[in-house]
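Given next are the chains, with one letter for each unit.
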Amino acid sequence: MDFLNQHLLTILIFLPTLGAVLTLLARGRDAVRWTAITFTAITFVISLLLFATFSWRGPEPDAKYAYAAGDSPTSNGTVQMVEEASWIPAFNVQYKVGIDGLSFPLVLLSTFICLLSAIASWNIEKMSKGYFALFLFLETGILGVFLSLDFFLFYVFFEVSLLPMYFLIGIWGGPRKEYAAIKFFLYTLVGSIGLLIVLIGTYLYSRGVYPATATNPVSGTFDMVKMASPEFQQKLAEILPGGLTGGLAKTFFVLLMVGFLIKVPAVPFHTWLPDAHVEAPTPISMILAAILLKMGGYGIFRVAYPLFPEAARELWLVFAIVGVVSIIYGALCAMSQTDFKKLVAYSSVSHMGFVTLGAAMMTTASMNGALFMMIAHGITSAMMFFVVGVVYERAHHRELGRMGGLATTMPVYTGFSTVACMANLGLPGLCGFIGEVMVLLGTFQAARSDSILMRSGVATHTQIYTLAVIACFGVVLTAGYMLWTIQRVFFGPERAEYRGFPEVDQREIVVLTPLTVMAILLGILPTIFFFAFTTNTVSAMFKLFS
Amino acid sequence: MTFLASIGAPYIPGWVELSPFIADLWLIGTIVAVLLTPFFVRRPNAACGLVALVGLGIALVSLLTVGTGNTSEKFRPMLVTDDVAFFWKVLLLIFVMGVVLMWFSTTASTLHEGDGPEFFALLMAATLGMSLMGSASNLLMLFMSVELASLPSYVLAGFRKTDRIGAEASLKYVLFGAATSAIMVYGLSMLYGLYGTLQLYSSTAADGSYVAGLAEVMARTGGISALLVVGIFGLIVGIGFKVSAVPFHFWCPDVFEGASIDVSTFLSVASKGAALVLLLRVMMAIAEQFGYEPNAITTSIAAVIGVIGAITATVGNTAAYVQTNIKRLLAYSSIAHAGYMLCAISLLSRTSTSTDFYPAREAAQAILLYLAVYLFMNLGAFTVAGLVHRETGSEQISDYAGLGRRSPLLAACMAVFMISLLGLPPFAGFVAKLNLLWVLFQNGGWWWGLIIAIAVNTILSAYFYFRVIRVMYLDSSTAPAFVGNPLGLGLSVVCSVALLLMFVGFSPLSNVTHRYDRLESAAATGAGPPAAQASRAAMAPRAALQP
């Protein structure tokens with residue numbers, strides 16, 4: 001038991017890999033499917049065990065810095081359950097994993113969605129062994145990204161998760177799968193090369209912050225906990241040419257942001273997403289939208305902002321505009337789609353725009369909102385893509401113009417779908433609402449004179465209000481296209497061609513029910529299910545900004 | 001001994017002085033053994049292969065047993081045996097053993113019975129030349145070792161005598177090689193004329209007098225002259241040809257396509273690696289004598305090498321886009337990788353911010369590590385190409401369609417090699433590139449441009465490496481399934497596993513390369529100041545001759 005407790009996170013990360021190996025060894029399609037589902041289920045259960053060990057008792061007023069586990073081991077503003085081992089001593093690269101309020105919700109989301117999409121993958125017939133092996137391998141990559149605290153390790157997992165996705169889209173995708181897969185791959189690769197440069201660059205300068213000592217002969221660090229401390233920032237300011245707001249810091253920050261914004265994806269780096277989604281099989285779309293996009297968002301909060309808070313503040317306007325443009329442009333694009341799946345894909349662009357905006361505004365509310373938005377979008381987008389998958393499996397097309405009247409044929413399905421759409425458009429009481437409101441609230445709060453942006457004089461009231469008001473229109477547009485979609489798909493007279501459609505079967509209900517429950521629970525009890533985790537982490541992070 | 005002394009035999013090296021060259025001696029022995037094999041065996045091809053393998057194995061083991069050793073003062077003017085040379089020889093021997101194993105699994109059956117002795121004698125001779133290229137510290141020795149590596153390679157490239165493409169490739173190779181050799185020897189003669197010495201490193205002669213080396217004299221006289229430009233130009237042309245740096249790369253794809261696949265593999269790593277080590281040695285000797293301080297000579301050489309490196313990588317990666325033949329694709333990929341490694345050699349001076357940076361050691365370390373990784377990537381990729389060729393008779397990438405189903409293990413290995421060549425984790429290609437970028441980063445300055453060039457090139461290369469993976473896994477085919485030769489399959493699996501292990505074990509790997517990154521110092525070790533004074537005085541008139 002002790003061993004389990006001490007290595008829970010490592011087990012969590014590598015259990016799916018073990019599952020992948022066993023899947024490859026399994027004989028027969030049923031054995032393969034059951035192995036894969038069992039392993040995703042065990043991983044999910046283990047991630048639930050984290051509740052027992054994770055503690056989120058009240059805030060620590062004198063916690064020294066953002067994530068460091070120091071004198072306050074019980075606060076969730078700190079990193080917990082840290083496991084460390086030296087990996088590359090020559091560069092001080094560690095295998096260091098840990099969990100805090102930032103990563104905990106995303107880890108839970110990942111194991112949850114992976115379990116559901118493994119169930120949703122039940123009908124995969126083509127090379128199912130390879131499919132499930134890659135699927136489980138992908139889960140390892142995802143969990144590794146969310147749990148690593150070493151920048152190098154983070155980068156490795158970030159890249160490793162890229163490869164299985166390429167194959168999953170490329171082999172099991174739709175008609176234009178090859179194009180979509182390579183486009184996804186190349187876009188992300190461009191971003192990660194930028195990350196690589198920052199990775200090496202920050203290490204180079206960290207050697208000045210942590211010079212070699214007698215006890216530790218190797219200088220420098222890749223430790224993100226150490227890098228996100230005020231002490232580190234102060235020293236970095238002296239070493240970095242131009243200081244923390246100079247050209248180099250800004251370049252590093254922009255490279256990081258571009259790397260993550262491609263993954264998020266934000267306009268103008270978003271064009272891979274609709275292609276990837278349209279071609280990917282349903283379960284992979286679920287993972288892509290619900291988890292992979294969050295790796296970008298997580299990177300912004302875990303790496304970009306804590307490492308270069310000053311540069312982030314200086315450049316807030318650029319990324320706020322990127323966020324607002326993503327919200328509006330994504331919504332407008334979604335409105336004009338005729339393909340159901342593409343519509344959901346563009347709505348992802350629009351929703352993830354709130355995450356970018358929330359980060360850029362740098363207020364407690366906006367950042368908490370952005371983090372919530374990631375989880376909420378994880379739930380709703382997975383649900384929406386599954387809903388699309390259900391109708392596609394029956395109708396074999398996704399043309400919105402040819403649909404209609406499904407409410408009569410499939411009432412239960414319509415019920416689930418409506419919850420999904422409502423949660424997506426941000427109906428109060430469902431999860432989408434909280435995220436949007438928090439981000440918009442935070443955006444308006446940024447105009448207060450004691451906000452970080454106003455205090456440092458980089459922003460004006462006019463800029464902030466203009467952006468906030470434009471972003472608000474995004475909510476209206478979202479409501480517009482979602483309601484129109486419901487109308488086109490479910491309402492209207494029953495169509496002859498869809499009359500014989502079977503209602504959602506048990507397997508589909510098994511997938512949809514937990515998602516529905518989570519959408520409602522997050523909507524009505526956001527504090528218990530979410531902010532209890534993040535609030536302290538975010539406020540700890542704010543000590544870096546001010 | 002008295003008799004030898006009486007007839008004026010100058011110097012008979014003892015065992016201690018010869019022992020660092022044990023691998024080269026064994027190679028010479030292997031050449032003889034291979035040539036003698038047909039007298040004892042009726043069907044000599046496979047036997048020759050085995051003899052070569054055993055000879056290489058003995059050479060490797062004895063080299064590892066002897067270790068690096070110190071260069072004797074007597075050998076210093078001609079050949080040195082420093083850590084870098086040692087490491088390069090170890091890599092080379094391992095690689096050539098891999099090539100011989102690959103020959104057994106791919107082209108052994110197509111080699112005309114009775115040609116084996118010639119083939120392996122040439123292969124061993126070229127290996128010997130490349131091994132000496134890693135040690136050469138004299139302009140004559142440099143030229144001779146390059147020729148010893150080149151001449152057998154020309155023949156090897158055209159070894160499939162009845163094959164028209166092979167003959168054409170060989171001819172092209174010879175013509176290019178002859179022209180660049182001529183330019184190189186002309187350039188070297190200019191350097192000799194300018195500085196009056198053939199030896200690269202300063203040394204103390206047998207009678208105790210001090211002999212200043214080329215690097216030292218160059219540093220002392222400073223200043224760029226027309227002759228120096230011609231000399232360095234000739235040197236870079238000659239070595240650039242072996243490295244297949246742009247614009248001397250035209251032979252590379254044609255030869256790789258025309259030659260049998262084992263020869264292509266051999267040339268892709270051994271020839272380029274040897275030339276890179278040689279260039280590294282010459283340039284770093286000069287840089288060291290300038291104290292790694294920026295100055296007109298090293299800055300211009302560094303700029304030229306850096307620019308050539310960046311252009312080579314870019315040309316290699318862009319030209320690879322349109323290739324349909326796997327060997328041509330790998331040829332352009334090898335050009336690109338040579339370009340990356342050339343970038344490391346451009347680190348000839350320190351920037352003001354990097355005072356604790358030792359360019360010679362860092363560059364040597366980066367190149368050795370890159371070569372160690374590159375060896376397995378290329379050996380593996382070429383082996384898979386050879387096995388597929390043997391089964392399907394095709395080298396077209398389009399005939400790899402559906403390989404993921406037809407031969408899953410082989411396809412998986414190929415995917416590993418492609419991902420590693422691209423430089424993505426979790427394979428060693430990533431750490432090789434990372435290490436190289438890291439070295440460039442440490443120096444900063446204008447080397448940032450090279451970092452950006454390498455970054456952009458990585459993105460450029462993604463498409464064509466992934467095209468192979470796409471064809472193997474995403475395209476379907478009705479062609480029959482096959483398993484592939486077990487030996488070749490084993491070799492590919494070993495290479496893939498090695499790449500994975502070198503990624504996870506990056507730390508031990510970099511420790512090893514850091515352990516062997518020391519180049520011989522260009523300054524004389526045993527020379528007293530008076531001798532140096534005298535030597536400097538002797539050099540003065542020659543320096544005054546400069547325009």
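Residues numbered from 1 in each chain as written. Chains lettered and ligands numbered in written order. Predicted model: local features only at pLDDT ≥ 70, side-chain atom pairs only at ≥ 80, totals over all residues.

1. Quick notes on the overall build of chain A
Then comes step 1: Helix and strand counts for chain A stand at 24 helices and two strands.
Then comes step 2: Here the C-alpha radius of gyration of chain A, 23 Å, is about what a compact globule of 546 residues would show, namely 24 Å.
Then comes step 3: Here chain A holds 546 residues, and the buried ones make up 61% of them.
Then comes step 4: In chain A, the share of contacts with a sequence separation of at least 24, taken over all contacts with a separation of at least 6, comes to 77%. (Helix = DSSP H or I, 4+ residues; strand = E, 2+ residues; numbered from the N terminus. Rg over C-alpha atoms; globule rule 2.2 N^0.38 Å. Buried ≥ 20, exposed ≤ 12 C-beta atoms within 10 Å, placed from the backbone. Contact = placed C-beta atoms within 7 Å.)

2. Structural notes on the pairing of strand S1 (residues 80-88) of chain A
All names here are of chain A.
Then comes step 1: Taken together, the six bridges between S1 and strand S2 (residues 93-99) define a ladder with antiparallel strand orientation. Pairing of Glu84 across the sheet is with Lys96, part of S2.
Then comes step 2: The turn linking S1 back onto S2 is made up of four residues, and Asn92 within it adopts a positive phi angle of 60°. (Pairing = 2+ DSSP bridges.)

3. Examining unusual backbone geometry
Then comes step 1: Here the amide bond leading from Val267 of chain A into Pro268 of chain A is cis, since omega sits at 10°, within 30 degrees of zero.
Then comes step 2: Structurally, Pro268 of chain A is set in the loop between helix H11 (247-263) and helix H12 (272-279).
Then comes step 3: Non-glycine residue Ser244 of chain B carries a positive phi angle of around 60°.
Then comes step 4: Along the polypeptide, Ser244 of chain B turns up in the loop between helix H10 (226-243) and helix H11 (251-258).
Then comes step 5: Exposure remark for Ser244 of chain B: the 28 C-beta atoms within 10 Å place this residue in the buried category.

4. Notes on the interface of chain A and chain B
Then comes step 1: Tallying the contact residues gives 23 residues for chain A and 22 residues for chain B.
Then comes step 2: Looking at the side of chain A that touches chain B residue by residue, the classes come out as 18 nonpolar, two polar and three charged. (Nonpolar A, V, L, I, M, F, W, Y, C, P; charged D, E, K, R; others polar.)

5. Quick notes on the packing of helix H17 (residues 364-395) of chain A against helix H20 (residues 431-445) of chain A
All names here are of chain A.
Then comes step 1: Viewed as axis vectors pointing N to C, H17 and H20 meet at an angle of 160°, and their least axial separation amounts to 7 Å. What the angle tells us is that H17 and H20 run roughly antiparallel. Like other packed secondary-structure pairs, H17 and H20 cross with a definite hand, here left-handed. Two secondary-structure elements touch here, H17 through Ala365, Ser366, Met367, Asn368, Gly369, Ala370, Phe372, Met373, Ala376, Ile379 and Thr380 and H20 through Cys431, Gly432, Ile434, Gly435, Met438, Val439, Leu441, Gly442, Thr443 and Gln445.
Then comes step 2: Residue composition of the contact of H17 with H20, by class: twelve nonpolar, nine polar and no charged. (Axes fitted to C-alpha atoms, helices over the stretch in contact; angles between N-to-C directions. Parallel < 35°, antiparallel > 145°, perpendicular 65-115°, else oblique. Left-handed = near helix turned anticlockwise from the far one by under 90°.)

6. A short note on the packing of helix H7 (residues 139-157) of chain B against helix H8 (residues 164-195) of chain B
Working note: a packed helix pair is described by the angle between its axes plus the distance between those axes.
Residue and element names in this part refer to chain B.
Then comes step 1: Between H7 and H8, the shortest axis-to-axis distance is 9 Å and the interhelical angle comes to 175°. In terms of orientation, H7 and H8 fall into the roughly antiparallel class. Residue-level contacts link Leu139, Phe143, Glu147, Ser150, Tyr154 and Ala157 of H7 to Gly166, Ala169, Ser170, Tyr173, Val174, Gly177, Ser181, Met184, Val185, Leu188, Leu191 and Tyr192 of H8.
Then comes step 2: Per-class residue counts for the contact of H7 with H8 are twelve nonpolar, five polar and one charged.

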